[in-house]
Amino acid sequence: FGSSRSKRTVWDLQTSGVLHMAPVDDAAPDELTRLRAEVLQLRQKTAQLQGRTHVLKEGVLSRFREKMMSSGWRERHYELRVQGDGTRHLTCYTLQRTLRMTLSLSEKCVVLRESEDSGGSTGGPLHCFQVTAPSGAGPATTIRLSASTATEADAWVKALQQACCGGSDRLDESSSPSAKQIPRGPPAMEKRDTSVLFVIHRVQRVSLLTSEDPSGPQASTVGIMNLSVCVLVVMNFRLIVENFMKYGVLIDFTRISDALLNYEHLQCVVCGILMPLLILVTFVIEVFAAQGVMSEFLAQSMHGFNCTLCLAIPIAVIRQTVASPGVGALLLLFGTTLFLKLVSYAHVNTQLRQRRSRAMSKGIKRVISETFQPDPTGALEYPENLTPRNILLFMFFPTLIYQLTYPRTSRIRKLWLFKRVCELIICFSVMFVIMEQFVAPTLRNAKTPILDLDFPRLLERLLKLAVPNVYLWLCMFYGVFHLWMNILAEVTCFGDRLFYKEWWNATKLEDYWRLWNLPVHNWLLKHVFFPLISMGYSKITSLVAVFIFSAAFHELLVSVPCHVFRFWAFLGMMAQLPLVWITGMIDERLKGSQIGNVIFWISFCIVGQPLCVLLYFADFLNK
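Residues numbered from 1 in each chain as written. Predicted model: local features only at pLDDT ≥ 70, side-chain atom pairs only at ≥ 80, totals over all residues. Heavy atoms only, no water.

### Here we look at the overall build of the protein chain
Let me state the cut-off plainly: Helix and strand assignments come from DSSP, with helices taken as H or I runs of at least 4 residues and strands as E runs of at least 2, each series counted from the N terminus. Between buried and exposed lies partly exposed: a residue is buried under 20% and exposed over 50% of the maximum accessible area for its type, with that area taken using a 1.4 Å probe on protein chains only. The contact rule is simple, with two residues in contact once any of their heavy atoms fall within 4.5 Å. Note that accessible areas follow from Shrake-Rupley with a 1.4 Å probe, and for residues the cover is restricted to the protein chains shown.
Check the secondary structure of the protein chain and you find 19 helices and nine strands. Looking at the protein chain residue by residue over its 623 residues, the buried ones come to 38%. Relative to all contacts within the protein chain whose residues are 6 or more apart in sequence, the contacts with residues 24 or more apart total 64%. Accessible surface, the protein chain as shown: approximately 37,100 Å² in total, 63% of it carbon and sulfur.

Quick look at the structure:
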């Protein structure tokens with residue numbers, strides 16, 4: 001209500017609620033305080049009548065937090081609010097506007113202004129104050145705050161005291177707690193009776209971990225979480241020590257060199273080197289089709305045959321050479337990736353060619369093929385995109401979706417790239433150690449229970465295999481989808497690097513399949529799901545078709561390198577359809593529940609993957 005000028009403004013409050021403004025030379029402090037209180041009361045009544053929230057004061061304050069290992073001040077954004085029903089709250093947000101805490105204010109709350117005499121000795125902020133709330137008002141009984149200046153701290157103290165008193169009565173400065181300068185730091189303990197007759201049990205209280213009284217004191221479980229992490233680390237370290245004491249070091253680098261020089265493996269390497277010739281065949285087919293040299297039916301037939309060779313050639317070479325599962329899996333994975341990329345290239349260019357033919361038949365000379373134009377040179381027009389550079393860039397880009405232009409970065413960050421390469425080497429080394437030191441001996445020890453059908457020991461082998469399987473799975477995800485794909489993106493200046501989302505928080509199995517592998521998900525969406533929808537199939541039928549397609553490729557990538565043709569991976573994928581429905585129903589009926597996430601981890605990593613590994617290993621032994 002004051003201004004920088006010598007004149008001040010006093011609000012004349014009439015009984016009708018109309019505010020009249022009259023300038024005066026000087027206004028008494030008591031009069032200004034009374035006017036502020038009355039205006040605050042009017043604001044609260046207006047907010048209550050309109051049923052909305054009114055912010056009395058807001059700003060950035062620092063809050064003192066004590067942690068297990070350290071303590072310190074953190075900046076937070078605070079708002080003093082009056083709700084539509086008249087209740088008052090002090091709300092805390094992070095600087096990114098994420099809600100952290102809400103403290104209910106009432107007449108029982110006490111606001112204390114700390115003394116600034118000893119501020120320099122503690123090294124903390126000078127302008128501090130405390131807000132003490134009764135039990136049940138919020139997550140903390142007493143919070144300690146500081147402002148940037150003494151004036152700001154006094155303003156917050158007065159605003160909080162006004163809110164605690166309801167804003168209806170003028171505060172008496174002499175009796176206000178802020179007038180009593182308390183010593184810096186935690187408030188001193190009150191003098192109390194120290195005799196044997198001192199009464200301990202005064203009121204009814206509930207245990208901290210009980211759920212009978214939600215308004216009671218809330219217990220923090222941070223220490224329990226720390227204990228859980230410590231127990232997890234100790235248990236896994238014990239397993240590592242036990243493994244090395246029982247088996248010693250099982251990693252044999254001579255076997256690695258022998259495997260690299262193996263003739264069968266060299267044939268697989270030669271096959272992988274020659275397979276990019278299929279890219280040239282796809283490019284020639286598309287150029288001839290664009291020039292009208294071959295018919296549309298012949299072009300699509302040749303595209304289909306060429307894409308089929310991407311899978312048929314690796315399968316034939318793996319079966320002929322009887323390559324090891326690791327080398328065979330790498331070759332088939334390369335062929336599958338090439339298959340998905342060439343299908344996308346042929347499918348998109350076929351659609352562009354057909355759109356161009358329809359436009360030319362209507363007399364339209366130029367057709368902009370895509371509205372997405374991140375390239376500053378402008379969008380390409382079919383067949384201007386049919387160049388060797390265009391298709392080769394697409395083959396190196398970390399995406400399975402072909403489009404005319406992509407978002408690009410301006411430069412290669414060499415230091416960042418070097419760090420990711422080092423992380424990738426470490427990650428794959430850890431995966432190799434887990435495979436040789438933990439997974440391989442567990443499978444070898446499972447040979448006798450498998451042949452004897454000893455189900456209790458098989459269950460023990462399954463659970464023992466689950467722990468390294470989880471670590472192996474997480475390392476594979478981090479190494480492939482984060483490190484390797486980001487390395488490719490950095491080398492090729494590929495801009496869109498969203499290769500995965502938060503699949504680990506999925507409470508529905510459907511969400512996991514949509515989030516964990518975005519390149520494959522986008523490919524299935526664009527080249528399988530949407531075409532089926534456009535052909536008139538229902539959404540459920542299209543989803544089932546996508547799931548069957550994905551299950552077939554999972555079976556192919558497992559059965560062929562292992563040289564056993566069973567349908568365990570396919571059946572495991574199809575068995576997740578009921579779990580998709582169950583977790584979806586749980587998530588719909590129990591909002592915010594983590595039951596679906598627990599079902600996902602147990603069914604997928606703890607039971608599903610180790611069970612598939614044991615089944616394929618049993619088939620391998622029988623063969």
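There's more to say after this.
### Examining helix α7 (residues 277–290)
What counts, and what does not: Here the expected span of a helix is defined as 1.5 Å times the quantity of residues minus one.
Spanning 14 residues, α7 covers 20 Å between terminal C-alpha atoms, matching the ideal 20 Å at 1.5 Å per step. Regarding α7, the residues found buried are L278, I279, T282, F283, I285, E286, V287, A289 and A290. Contacts made by the buried residues of α7 are with α8 (296–321), α9 (325–361) and α10 (388–396). Positive backbone phi, approximately 80 degrees, marks G292, located one or two places after α7.

### Regarding the packing of α9 against α10
Where we set the bar: Axis definition: a line fitted to C-alpha atoms, limited for helices to the stretch in contact. Angles are taken between N-to-C directions and run from 0 to 180 degrees. For classification purposes, an angle smaller than 35 degrees is called roughly parallel, one larger than 145 roughly antiparallel, one from 65 to 115 roughly perpendicular, and anything else oblique. Helix crossings get a hand from a simple test, with the near helix turned counterclockwise from the far one by less than a right angle marking a left-handed crossing and a clockwise turn marking a right-handed one.
Closest axis-to-axis distance for the α9/α10 pair is 10 Å, and the angle between their directions is 140 degrees. In terms of axis orientation, α9 runs oblique to α10. For the element pair α9 and α10, the recorded crossing hand is right-handed. Here L338, K341, L342, S344 and Y345 of α9 lie close against α10, whose contacting residues are N390, I391, F394 and M395.

### Quick look at the nonpolar core
To keep things clear, this is the line we draw: Note on terminology: a nonpolar core comprises buried Ala, Val, Leu, Ile, Met, Phe, Trp, Tyr and Cys residues joined through side-chain atoms within 4.5 Å. Boundaries of every domain are those given by an automatic assignment or by a domain database.
F339, L342, W503, Y512, W513, W516 and W523 are the most contacted members of the largest nonpolar core, which totals 66 residues. Composition of this core by domain shows at least three residues from each of domain 2 (262–364 + 382–396) and domain 3 (414–622). One finds V131, I143, W156 and A163 within the second-largest nonpolar core, a separate group that totals 23 residues.

### Some remarks on the side chain of N597
Stated formally: Whenever two N or O atoms come within 3.5 Å, that pair is a polar contact, provided that in protein one can donate a hydrogen and the other can accept it, and provided that, for residues adjacent in sequence, both atoms are side-chain atoms.
With respect to the helices, strands and loops of the structure, N597 is situated in helix α19 (residues 595–622). Residue class for N597 comes out buried when judged on its relative accessible area of 11%. Only 2.8 Å separates the side chain of N597 from the backbone oxygen of A506, close enough to count as a polar contact. Discounting residues that sit within four places of it in the chain, N597 has contacts with W504, N505, A506 and T507.

### A closer look at helix α4 (residues 222–247)
When the terminal C-alpha atoms of α4 are compared, their 38 Å separation across 26 residues agrees well with the 38 Å that a helix rising 1.5 Å per residue should span. Count one or two residues on from α4 and you reach G248, which has phi positive near 75 degrees.

### Comments concerning the UniProt feature "transmembrane region" (unreviewed entry) in the protein chain
Filter applied, for reference: UniProt positions are given in the numbering used here, feature names are shortened, and annotations may be inferred rather than shown by experiment.
The positions UniProt marks with the feature "transmembrane region" (unreviewed entry) are residues 224–245, 266–285, 330–348, 421–440, 470–489, 528–553, 565–586 and 598–618. Strand forms 0% of residues 421–440 and helix 100%; the C-alpha atoms that close the span are 27 Å apart. Each end of residues 528–553 is marked by a C-alpha atom, and these two atoms are 14 Å apart; helix forms 85% of the span and strand 0%.

### Focus: the environment of P383
Assignment of secondary structure puts P383 in the loop between α9 and α10. Residue class for P383 comes out partly exposed when judged on its relative accessible area of 33%. The spacing of P383 and A290 is 93 residues in sequence and 6.7 Å in space, taken between C-alpha atoms. Setting aside residues no more than four positions away along its own chain, P383 makes contact with A290 and R356.

### As for the pattern of salt bridges
The criterion, for reference: Take a side-chain nitrogen of Lys or Arg and a carboxyl oxygen of Asp or Glu: if they are within 4 Å of each other, that pair is a salt bridge.
Applying the stated criterion to the full structure yields 13 salt bridges. The partner of E152 in a salt bridge is K57, with the nearest N and O atoms 3.5 Å apart. Of this pair, E152 sits in helix α3 (residues 150–164) while K57 sits in strand β3 (residues 54–66), and the two are 95 residues apart along the sequence. Here E296 ties to R353 by a salt bridge, and the two come within 3.0 Å at their closest N and O atoms.

### What about the confidence of the model for the protein chain?
Stated precisely, the cut-off is as follows: For every residue, the pLDDT score states the predictor's confidence, bounded by 0 at the bottom and 100 at the top.
Of the residues in the protein chain, 79% have a pLDDT of 70 or more, and the chain-wide mean is 79. Note on residues 118–123: pLDDT is under 50 here. Beyond four places in sequence and across chains, it has six contacts. Of the regions scoring below 50 in pLDDT, residues 168–190 engages in 45 contacts with residues more than four places distant in sequence or in other chains.

### Examining the pairing of strand β5 (residues 88–93)
Rules: A pair of strands is labelled paired if DSSP reports no fewer than 2 bridges between them.
Burial of β5 is extensive: six of the six residues sit out of reach of the surface. Burial along β5 is two-sided: R88, L90 and C92 facing one way and H89, T91 and Y93 facing the other are all buried. As paired strands, β5 and strand β6 (residues 99–105) are joined by six bridges and run antiparallel to one another. Opposite Y93, over in β6, you have L99 as the bridge partner. Counting the residues that bridge the hairpin from β5 to β6 gives five residues, and of these R97 lies at a positive phi of roughly 70 degrees.

### What about the packing of aromatic side chains?
Quick reminder of the rule: Only Phe, Tyr and Trp rings take part, Trp by its six-membered ring, and two of them pair if their centres are within 6.5 Å. Stacked means planes under 30 degrees apart, edge-to-face means over 60, and tilted covers everything else. Remark: a charge is flagged as sitting over a ring if the NZ atom of Lys or the CZ atom of Arg is within 6 Å of the ring centre and within 35 degrees of the ring normal.
Considering all chains together, one arrives at 31 aromatic pairs under this definition. Judged by centre distance (5.1 Å) and plane angle (70 degrees), the ring pair of F397 and Y406 falls under edge-to-face. Across the pair, exposure class does not vary: F397 and Y406 are buried alike. Relative to Y512, the ring of W503 lies with its centre 5.8 Å away and its plane at 75 degrees, an arrangement referred to as edge-to-face. According to the relative accessible area criterion, W503 is buried, its value standing at 1%. Note on Y512: relative accessible area 0%, which makes it buried. If you follow K341 out to its NZ or CZ, it ends over the ring of F394, 4.5 Å from the centre.

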